[in-house]
Amino acid sequence: MTESEVAPASSAAGQAPESYESAEHQSAAPPRFDRHAEAILSVTDLKKYFPVKSSGLVRRTIGHVQAVDGVSFEVRKGSALGLVGESGCGKSTTGRLITRLYDPTAGSMMFQGKDLATLSHKAMTPMRKEVQMIFQDPYSSLNPRHTVGTIVGTPLRVHNVVPDKQVLGRVRELLEVVGLNPEHYNRYPNEFSGGQRQRIGIARALALQPKLLVADEPVSALDVSIQAQVVNLLRDVQQEFNIAFLFIAHDLAVVRHFCPEIAVMYLGKIVEIGDRESVYDHAHHPYTQALLSASPDVKQAAIGGRRERIRLEGDVPSPINPPSGCRFRTRCWLAQDICAKQEPPLLQIGKSHKVACHFASELNQTPPRPVTTGLLGVDDQGNHDAGSTPTTLSTNPGYDDEWYDLKSKSFVKA
Amino acid sequence: MALTPLEMAAPDVTQLPDQEKEAEIAGRSPLQIALARLRSDKIAMVCSAIVLIFVLIAIFAPLIAKLFGVEVRAGDPSSDTDIFNFPVIGPPDHGFTWKAPLGLAPNTGDDNLAEWLYGARTSLGIATVSTAVSTLIGITIGLVAGFSRGWLDRVISFIIDTFLALPLLLIALALAPIITLRFADQPTTLKYAQVIALTSVLIFFGWMQLARLIRGEVLSLREREFVQAARVMGVPTRLILFKELLPNMMAPIIVSISLGLPFFVTAEAGFSYLGIGIVGVPSWGQTVNKAVEYFDTYPLYLYAPVVGIFLLVVALNLLGDAIRDAFDPKTRR
Ligand SMILES: Nc1ncnc2c1ncn2[C@@H]1O[C@H](COP(=O)(O)OP(=O)(O)OP(=O)(O)O)[C@@H](O)[C@H]1O
Ligand code: SF4
Ligand SMILES: [Mg+2]
């Protein structure tokens, strides 16, 4: 991307004294997406259903919150995957499943040859060194009764990373890495600002030198001016320690400068995933297009001239009782019969681009007929078509070398 | 080269306040803030002084008794009391004497001061042990209940509710004769059995409030992100409970202790007064029980233990209130 494209971004994001692309980062090439890079985390069909219990003495399960309902993605070594979606769509739950704060209902999470989904809590302990988390709320993520030294030193002590005597020295180093005064180790969190606290949280997450960091909206609780600093810090540590990120955010602006790959979630499912250019410049899902139009940061001219802001009607439906077929259909302006009857598969439509929509297309280029009928063996209304048989679709969490070309409606090879 | 004093002093003056500020900002934990507030509370300071005096009396009871030349349980009814069973020296019939500053007890001729000093010891001893043990039980059960959502939590909550519904007085009434009968032939064992039984009953009924309080605190704290962070780091559950959660519950625990102490002092005196507490060991409640019928003729006999109980309980209660205020951020003064 060029300088001129970045400039309006920072002005739109507010009076940020330091943009996401500060001077020192412009020399470094923006992170590129390499679909052949080795995946460090490979998530397949991950599900988390929270039981809904009746009240009263005998507490029966009367339903399930389908917080995460079959998501698949890969996070590549030293790269970053951005996970974006509205509130309540299951982003945090996905992050907490990967760090095993929740036990998954189904699915697998392969990390360095081990399936994090089925490890017992005891077997998970050594893996915790490799997978760490940064939390959203800097005011609740640090124990108010512990000093900074204790907070950052706890992971070192628990995992016996360094002998007890060296913990303090290591803590000071870590504080220095995240740009804090190392002599402040004996202070309490309430003496720090939100941005500084978030830096303490980052230092704590870095203490174990993880390979994968789940960052759950690490900057959304911060001032816009501070957000850029913290994002830049994250990028620095990513490059310095070669850490892979799962970066959760609720809008596309923040992840844009951080993640070479973006996944968009809606009601527990990934609706679109792809490299940055595909998602930002060639979004094929109506929900992504709506998010993009609401994001002030994203350049306006990219998708066919000036874009109107798309206003989504209504609220996100309840994940206890999600809509049949496509979950987005209650708010989608393109919805037709087939959308209620058939669930659109997450279909690879480009080298590194997948989308789940019967009418997948760039904005204002909606095809007259659903693009998925041939694959699902249904007619245009979504009813089963006796004449055609459904195609078995790939379940690869990464990208295949063969994909479905929307124009020719056939599979093409790279 | 000669420096004028002014030149030398200058850097110091600018440096000092800075350093002081640093030192003050560093180590001000919420606990320290509360203590600082407590220190500036005059009532709290007077009350802690009173409590401290009682604690010293309790600890050094034998020493003080020796100082006054009095002994506990040393009365001899035949030589120390007259034909009306009233003491032959000191009040009420004779003047003040250093031999028995608070007089002797009617009937037995035991020295009142010695009984009073040792009574303070019994009272504070039982109250302290009961508070300590019931606090420990309350914390442990509350932590376990709060952190183990599901059936274990529901079982523990049910037990807490059941215990809260049990009538303390009735149980104590029922227990007293059983203990007395069981150890009737062994007077020395009976003495200790009574103390242990009373302490146990008090503990038995003293832990539920705190357990409930702690459980509620855990329920709200466990959703905080720092607990999640500890779990992501792989901190064992035991350490999460005691190192991450417990320090955040110091305020309710300290408040509970400061309110529990006066309750137990009152309860011990009350039970002993009713005759279902302890008999073999000196106790204020027991003295009150014996002294009530002599109030018309020998008021000092009753006043001594009553003043002791009154002062101690009022001081402890006021101190407890002050501590609660000091820990409550909403009552900034
Ligand atoms: N422990 C839980 N028990 C029951 N339901 C839950 C639980 N945690 C989350 N949910 C539900 O799962 C859904 C997804 O929640 P999640 O926190 O993952 O959303 P999110 O995308 O992170 O949203 P936000 O942007 O607000 O953080 C929500 O409907 C939420 O109510
Ligand atoms: S499948 Fe239908 S309802 Fe769902 S996003 Fe596509 S057009 Fe809209
Ligand atoms: Mg969230």
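What counts, and at which threshold
Residues numbered from 1 in each chain as written. Chains lettered and ligands numbered in written order. Predicted model: local features only at pLDDT ≥ 70, side-chain atom pairs only at ≥ 80, totals over all residues. Heavy atoms only, no water. UniProt positions renumbered as here; feature names shortened; annotations may be inferred. Helix = DSSP H or I, 4+ residues; strand = E, 2+ residues; numbered from the N terminus. Phe/Tyr/Trp six-rings, centres within 6.5 Å; stacked < 30°, edge-to-face > 60°. Buried < 20%, exposed > 50% of the residue type's maximum accessible area, 1.4 Å probe, protein only. Lys NZ or Arg CZ within 6 Å of the ring centre and 35° of its normal. Arc of directions from axis to C-beta. Contact = heavy atoms within 4.5 Å. Buried area = accessible area lost by both parts, 1.4 Å probe. Salt bridge = Lys/Arg side-chain N within 4 Å of Asp/Glu carboxyl O. Polar contact = N/O pair within 3.5 Å; in protein donor to acceptor, adjacent residues only side chain to side chain. Domains from an automatic or database assignment. Nonpolar A, V, L, I, M, F, W, Y, C, P; charged D, E, K, R; others polar.

Q: Account for the UniProt feature "transmembrane region" (unreviewed entry) in chain B, with residues named and values stated.
A: Feature annotation in UniProt assigns "transmembrane region" (unreviewed entry) to the following positions: residues 43–65, 124–146, 158–180, 192–214, 253–280 and 300–323 of chain B. Annotated as 100% helix and 0% strand, the span residues 300–323 of chain B places its first and last C-alpha atoms 34 Å apart.

Q: Any chance you could break down the packing of aromatic side chains for me, citing the residues and the numbers?
A: Overall, the coordinates contain 18 aromatic pairs over all chains when judged by the stated rule. When the centroid spacing of 6.3 Å and the interplanar angle of 45° are considered together, the rings of Phe54(B) and Trp116(B) count as tilted. Of this pair, Phe54(B) sits in helix H3 (residues 42–59) while Trp116(B) is found in helix H6 (residues 112–147), placing the two residues 62 residues apart along the sequence. For the residue pair Phe54(B) and Trp116(B), the accessibility class agrees, reading buried in each case. Each ring, one from Phe54(B) and one from Trp284(B), has its centre 6.0 Å from the other, and the planes form 75°; the classification is edge-to-face. Separated by 230 residues along the polypeptide, Phe54(B) in helix H3 and Trp284(B) in helix H14 (residues 284–291) bring together distant segments of the chain. Owing to a relative accessible area of 2%, Trp284(B) belongs among the buried residues under this scheme. Each member of the aromatic cluster is reached from another via a ring pair, and the members are Phe163(B), Phe204(B), Phe205(B) and Trp207(B). In this arrangement the basic side chain of Lys354(A) is found over the ring face of Tyr399(A), its NZ or CZ atom lying 5.6 Å from the centre. Arg222(B) extends its terminal NZ or CZ atom over the ring of Phe147(B), reaching a point 4.7 Å from the ring centre.

Q: Please give an account of helix H12 (residues 237–245) of chain B that cites residues and values.
A: Listing the buried residues of H12(B) in full gives Ile240(B), Leu241(B), Glu244(B) and Leu245(B). Projected onto a plane normal to the axis of H12(B), the buried residues spread over an arc of 115° and lie on a single side. Among the exposed residues of H12(B), those pointing more than 90 degrees away from its buried face are Arg238(B) and Lys243(B). For H12(B), the elements touching its buried residues are helix H5 (148–158) of chain A together with H6, helix H10 (208–221) and helix H11 (225–232) of chain B.

Q: Go over the interface of chain B and chain A with me, naming the residues and quoting the values.
A: The partner chain A presents 30 residues to the 24 residues of chain B that form the contact. Taking both sides of the interface into account, the surface hidden between chain B and chain A amounts to around 2400 Å²; carbon and sulfur atoms contribute 54%. The interface formed by chain B and chain A holds zero salt bridges in total. At the surface where chain B touches chain A, the tally comes to 11 residue pairs in polar contact (both at pLDDT 80 or more). If one sorts the elements of the side of chain B that touches chain A by residue count, H11(B) sits on top with six residues.

Q: With reference to specific residues and values, describe the domain arrangement of chain A.
A: Residues and elements named next belong to chain A. For chain A, the assigned domains read domain 1 (3–52 + 63–266) and domain 2 (284–413). Both faces combined, the contact of domain 1 with domain 2 buries some 2400 Å², and carbon together with sulfur accounts for 57% of it. A per-residue breakdown of the area domain 1 buries against domain 2 is headed by Arg 35, Leu 252 and Tyr 266, which together make up 31% of the total. For the pair domain 1 and domain 2, the number of links is two salt bridges. Notably, a salt bridge pairs Arg 331 with Glu 86, separated by 3.1 Å at the nearest N-O pair. Across the domain 1-domain 2 interface, the total number found is seven residue pairs in polar contact (both at pLDDT 80 or more). For the side of domain 1 that touches domain 2, the elements supplying multiple residues, two or more each, are helix H1 (3–12), strand S1 (39–53), strand S2 (61–76), helix H9 (252–256) and strand S9 (261–266). Looking at the side of domain 1 that touches domain 2, the element that brings in the most residues is S2, giving eight residues. Looking at side-chain class alone, the side of domain 1 that touches domain 2 contains 13 nonpolar, nine polar and eight charged residues.

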